[in-house]
Amino acid sequence: MPAGGFSAPTAGGSQFEAKITPIVIISCIMAATGGLMFGYDVGVSGGVTSMDDFLRKFFPVVYRRTQEPGIDSNYCKYDNQGLQLFTSSLYLAGLTATFFASYKTRRLGRKLTMLIAGIFFIIGVVLNAAAKDLAMLIIGRILLGCGVGFANQAVPLFLSEIAPTRIRGGLNILFQLNVTIGILFANLVNYGTAKIKGGWGWRLSLGLAGIPAVLLTLGSLLVADTPNSLIERGHLEEGKSVLRKIRGTDKIEPEYLELVEASRVAKEVKHPFRNLLMRKNRPQLVIAMALQIFQQFTGINAIMFYAPVLFDTLGFGSDASLYSAVITGAVNVISTIVSIYSVDKVGRRLLLLEAGIQMFFSQFVIAIILGIKVKDHSNNLSNGYAILVVVMVCTFVSAFAWSWGPLGWLIPSETFPLETRSAGQSVTVCVNLLFTFVIAQAFLSMLCHFKYGIFFFFSGWVLIMSIFVLFLVPETKNVPIEEMTEKVWKQHWLWKRFIDDNVDAKTGITGNDTMKNEHTNGFDPASQL
């Protein structure tokens, strides 16, 4: 077997009979509005932090720096821990909420967890739009973060479980598509509200987050829970009824029986987080965590959080920087649509590897241009070079949007077995939000100290993650979720060592390892992998 890993055949696994029914499409669109909310929060923060009225009210030190040329390095105008905390507090709160969201998702189901997320979002939006001081602003962001934690836990699971196998990838990416639409919507809103006189434009920007918040809340009231979740919680007949509706056929018995069996196995696991650490679950856990870490170290959120601030730093001016952020937001949406179309045709691995080359090249070019043209106290970025920087940023964003953006969520949500799926998704969201927080809190300081070298830093990480994908990430397209172990992990050149039919349910030690230990009475390194 080549070192590049196992490629599942296009028709791998059992193909249960299923139509693409209107109820599936509508449910997925409604659920994916959680991504719209998340994306709006990502996009709006960078825009309002470049608005003079917002900075004057909450961050007067930063405002003075931006108004007095030469007072600080071009790269350090926005280096302020409080300003970074405004952005990053959302993700720290989301990280904490994820631990509670995992329990709620399993006990209450995907539907109610999405409803809780919507309520958190609405309260957070009200506090942000009405903020009188920095404390009120941060509390609002924390509540929004709780909504993000619950939504990011429930929505990807909901989408993966309700979608027919053959279009699971495309429907799951609806979440990421709505993230990108939310970012674009926020950039367009910021571009308009920045021109409002009277100092209340930023309030409108933050308040309009109420639209996706209300959509998510209403959507979670209207959709049915997934058959997987209903069966897992003992509602067998209701689960069967929902399965019949979403598949559009009466021939659901094979899929239903497989879900019941998966649920039976899941119920035998009393401690899903402890089970997640067992040897047989390490491949999924390692890949899920690595994808989340790598997703943040592409540098994408640094660019999307702070796109207006970044372009303003490069000398584009306030209006031009917001306009440039709108362009990158539009590229983000279009490229995610490309991913929806291609992910179930060309597969996950090819998209990730192609994007690695594209992202590495674009960041390298940006670093060289900035290194030559943008100094600490002078900016020689002519129109031609400025356009080239925007083009390279768009090249980077497009590559991310059809690869690491959606696939960072899709692959973990489809690879964990049912007994550890909720716990696995919790760890996935937790790691993602932890490193999102780290990047959000550190980026402006890193930009100040690394200067143009920040793009060399991220391009180095892109190279590392591409090598990881090449050797360790298997193909999962068109493989039913409950058959991942047989069709994917047991066929991979490395991960098959961790999977064995004779795994002890309590210890996670394989029967083969036990025999080795009995025969050798010594330490066997292979059994410790």
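Numbering of residues starts from 1 in each chain and follows the order in which that chain's sequence is written. In view of the model being predicted, local features appear only for residues whose pLDDT reaches at least 70, and side-chain atom pairs are presented and counted only at 80 or more, with totals across whole chains, interfaces and linings using the full set of residues. Hydrogens and waters are ignored; side-chain quantities use all the structure's heavy atoms.

Our working rule: UniProt positions are given in the numbering used here, feature names are shortened, and annotations may be inferred rather than shown by experiment.
In the nomenclature of an unreviewed UniProt entry, the chain corresponds to Putative Major facilitator superfamily protein from the organism Davidia involucrata. Under the heading Subcellular location (unreviewed entry), UniProt records this for the chain: "Membrane".

**What to know about the packing of helix 1 (residues 22–31) against helix 8 (residues 168–193)**
Cut-off, in case you're wondering: Here, axes are lines fitted to C-alpha atoms. For helices the fit covers the stretch in contact, and angles between N-to-C directions go from 0 to 180 degrees. To qualify as a helix, a DSSP run of H or I must reach at least 4 residues; to qualify as a strand, a run of E must reach at least 2; elements of each kind are numbered from the N terminus. Oblique is the label for any angle not covered by the other classes, which are roughly parallel (under 35 degrees), roughly antiparallel (over 145) and roughly perpendicular (65 to 115). Should the near helix be turned anticlockwise from the far one by less than a right angle, the crossing is termed left-handed; should it be turned clockwise, right-handed. Pairs of residues are marked as contacts when any of their non-hydrogen atoms sit within 4.5 Å. We call Asp, Glu, Lys and Arg charged. Ala, Val, Leu, Ile, Met, Phe, Trp, Tyr, Cys and Pro are nonpolar, and the rest, Gly among them, are polar.
Where helix 1 contacts helix 8, the axes come no closer than 9 Å and their chain directions differ by 30°. It follows that helix 1 is roughly parallel to helix 8 by the angle criterion. Like other packed secondary-structure pairs, helix 1 and helix 8 cross with a definite hand, here right-handed. Along the contact surface, helix 1 presents Val24, Ile25, Cys28 and Ile29, while helix 8 presents Leu171, Leu174 and Asn178. For the contact of helix 1 with helix 8, the residue count by class is six nonpolar, one polar and no charged.

**Concerning the nonpolar core**
Counted only if it meets this: Remark: nonpolar core denotes a set of buried residues (Ala, Val, Leu, Ile, Met, Phe, Trp, Tyr, Cys) joined through side-chain atoms within 4.5 Å. Note on classification: 1.4 Å probe, protein chains only; a residue is buried when its accessible area is under 20% of the maximum for its type, exposed when over 50%, partly exposed between these limits.
Counting residues in each nonpolar core, the largest one holds 130 residues, and the members touching the most others are Val48, Phe54, Phe59, Phe121, Met359, Trp404 and Leu407. Per element, the largest residue contribution to this core is twelve residues, and it comes from helix 7 (residues 134–162). Residues in contact with Phe54, not counting those within four places in the same chain, are Val48, Thr49, Phe59, Phe86, Leu137 and Trp202. In terms of nonpolar packing, the next biggest core, distinct from the first, is built from seven residues, Leu276, Leu285, Ala423 and Val431 among them.

**Some words on the state of the cysteines**
Quick reminder of the rule: Cysteine sulfur atoms are paired as a disulfide whenever they come within 2.5 Å of each other.
Summed over the entire model, instances satisfying the criterion amount to one disulfide. A disulfide bridge connects Cys76 with Cys448, and the sulfur atoms are separated by 1.9 Å. For the disulfide bridge between Cys76 and Cys448, the dihedral angle about the S-S bond is near 90°, and by the sign convention the bridge is right-handed. One end of the pair, Cys76, is in the loop between helix 4 (60–67) and helix 5 (81–108); the other, Cys448, is in helix 22 (residues 418–450), with 372 residues separating them in the sequence. Each member of the pair, Cys76 as well as Cys448, carries the same accessibility label: buried.

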